Amino acid sequence: MRRLAAALALGLAACLSSAAAPDKAQGYRFEIVTGDDDSAVTARITDDLYKRLVPTFAAFRTELAQRRRMVTIAVGPDALRKVAARRCDCVVITAFTSSQVWRSVLEKLPPARAAAMTAVYAEPAPADQLQLASLLYRRPVRVAAILGRHTAFYAPSLQGKADLVQAGPDDDVNDLLARVKRSEALLALPDSAVYTPENVRSILLSTYRRKQAVIGFSADMVKVGALASTYSEVEDINAQVAEVAASFVATGELPAPQFPHYFRTAINEGVARSLDIDVSEEARRFARPRP
């Protein structure tokens, strides 16, 4: 708790111009906001993130803290909702939250407030997942993706690269799976209208019986039966968040929401053998390490 309290309390920032009007923000400071949990994972995130953020802000003068704009890092969905409910002239960078939750929170905010917020999504980039599929099959592979209401925004980036099936609110998941059975692999996307804790195992079993691989959206999904997925560690996400914060402090412009840049690959070797997929070392080593 002491470490978390220190992260929340400390904001080091810069005086951008000694000639600026006294009532204008003259620099930036930061805070890290978490949900109510005090788990070891949360402590790991905040400790590492704090260390990565300090160099961006610490070189600046501290006596003008009251005139510095706050850069808030929201760690997880609960923190995002908490910060979104505030009234403040702050910039928000969200991490460890899915694109579905991020978009559901932002659509309820005024445009000006939403424009001061960005995110590093929790789930893998679709482009990286599609490349992984090709590496696993050692050739171009026919991939399908089921898009629900929360993942419809993926369509432009997947158009022409995957067979897209739009899920309606009353569609049965088995009917949706039947519509993608001609594809060799299914790209799973984190949409609670399609994939739920209750049906994930049955989806994996159904596709497995059809010899259809599932490219999951997390390492945990690989553990329970998906063929493979790219995934990012805490430090990978934190490094990217620090880069987004540094870019904003340097330019005054907030980058658009983005998928993880840094990742490694998880492969379920047992599933691969059952699907008669000879996994190459190139697929196993598929990664983009952080600097």
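These numbers were taken from a predicted model, which means no experiment stands behind them.

1. Comments concerning the sheet that holds strand β1 (residues 27–34)
Strand order in this open sheet of four strands is β1-β2-β3-β4, and the pairing throughout is parallel. Two strands close off the open sheet at either side, each with one partner strand: β1 and β4 (117–121). When the angles between neighbouring strand axes are averaged without regard to direction, this sheet yields 20°. Pairing analysis gives five bridges linking strand β2 (residues 68–75) to strand β3 (residues 91–97), with the strands arranged parallel. Bridge pairing in β3 links Thr72 to Val92. Its contacts with the sheet put helix α4 (residues 99–106) on β3 and β4, and the angle it makes with β4 is roughly 165°. The sheet strands contacting helix α11 (residues 234–251) are β1, β2, β3 and β4, and the helix crosses β3 at an angle near 165°.

2. With respect to the state of the cysteines
One pass over the full model with this rule turns up one disulfide. Note that Cys88 is cross-linked by a disulfide to Cys90, the S-S spacing being 2.1 Å. A relative accessible area of 3% means that Cys90 is categorised as buried.

3. A word on the packing of aromatic side chains
Scanning all chains against the criterion turns up eight aromatic pairs. Their ring planes at 50° and their centres at 5.0 Å tell us that Phe30 and Phe57 sit as a pair that is tilted. Here Phe57 lies in helix α2 (residues 40–57) and Phe30 lies in strand β1, a separation of 27 residues in the sequence. Using a relative accessible area of 1% as the deciding quantity, one classes Phe30 as buried. Between Tyr195 and Phe217 the ring centres are 6.0 Å apart and the planes differ by 70°, which places this aromatic pair in the edge-to-face class. Taken together, the residues Tyr195 in the loop between β7 (185–187) and α9 (200–209) and Phe217 in the loop between β8 (213–215) and α10 (219–223) connect sequence positions 22 residues apart. Counting every residue linked through ring pairs, the aromatic cluster contains Tyr121, Phe153, Tyr154 and Phe259. When the ring centre of Phe153 is taken as reference, the NZ or CZ atom of Arg103 above it lies at 4.1 Å.

Procedures and definitions
- Each chain carries its own residue numbering, running from 1 in the written order of its sequence.
- Confidence filtering applies because this is a predicted model: local features only for residues at pLDDT of at least 70, side-chain atom pairs given and counted only at 80 or more, and all residues used for totals across whole chains, interfaces and linings.
- Think of the side-chain values as coming from all heavy atoms in the structure, minus any hydrogens and water.
- Two strands are counted as paired when DSSP detects at least two bridges linking them.
- Each helix is a run of H or I in the DSSP string that is no shorter than four residues. Each strand is a run of E no shorter than two, and both are numbered from the N terminus.
- Axis lines are fitted to C-alpha atoms, over the contacting stretch for helices. Their N-to-C directions set the angle, which ranges from 0 to 180 degrees.
- Contacts are assigned to residue pairs with any non-hydrogen atoms lying within 4.5 Å of each other.
- Disulfides are defined as cysteine sulfur pairs within 2.5 Å.
- Only protein chains enter the calculation, and the probe is 1.4 Å; a residue is then buried if its accessible area is under 20% of its type maximum, exposed if over 50%, and partly exposed in between.
- Two rings from Phe, Tyr or Trp (for Trp, the six-membered ring) form a pair when their centres sit within 6.5 Å of each other. Planes less than 30 degrees apart are called stacked, planes more than 60 degrees apart edge-to-face, and all others tilted.
- Lysine and arginine charges are scored as sitting over a ring when NZ or CZ, respectively, is within 6 Å of the ring centre and within 35 degrees of the ring normal.

What is shown is where atoms sit, not what they do.
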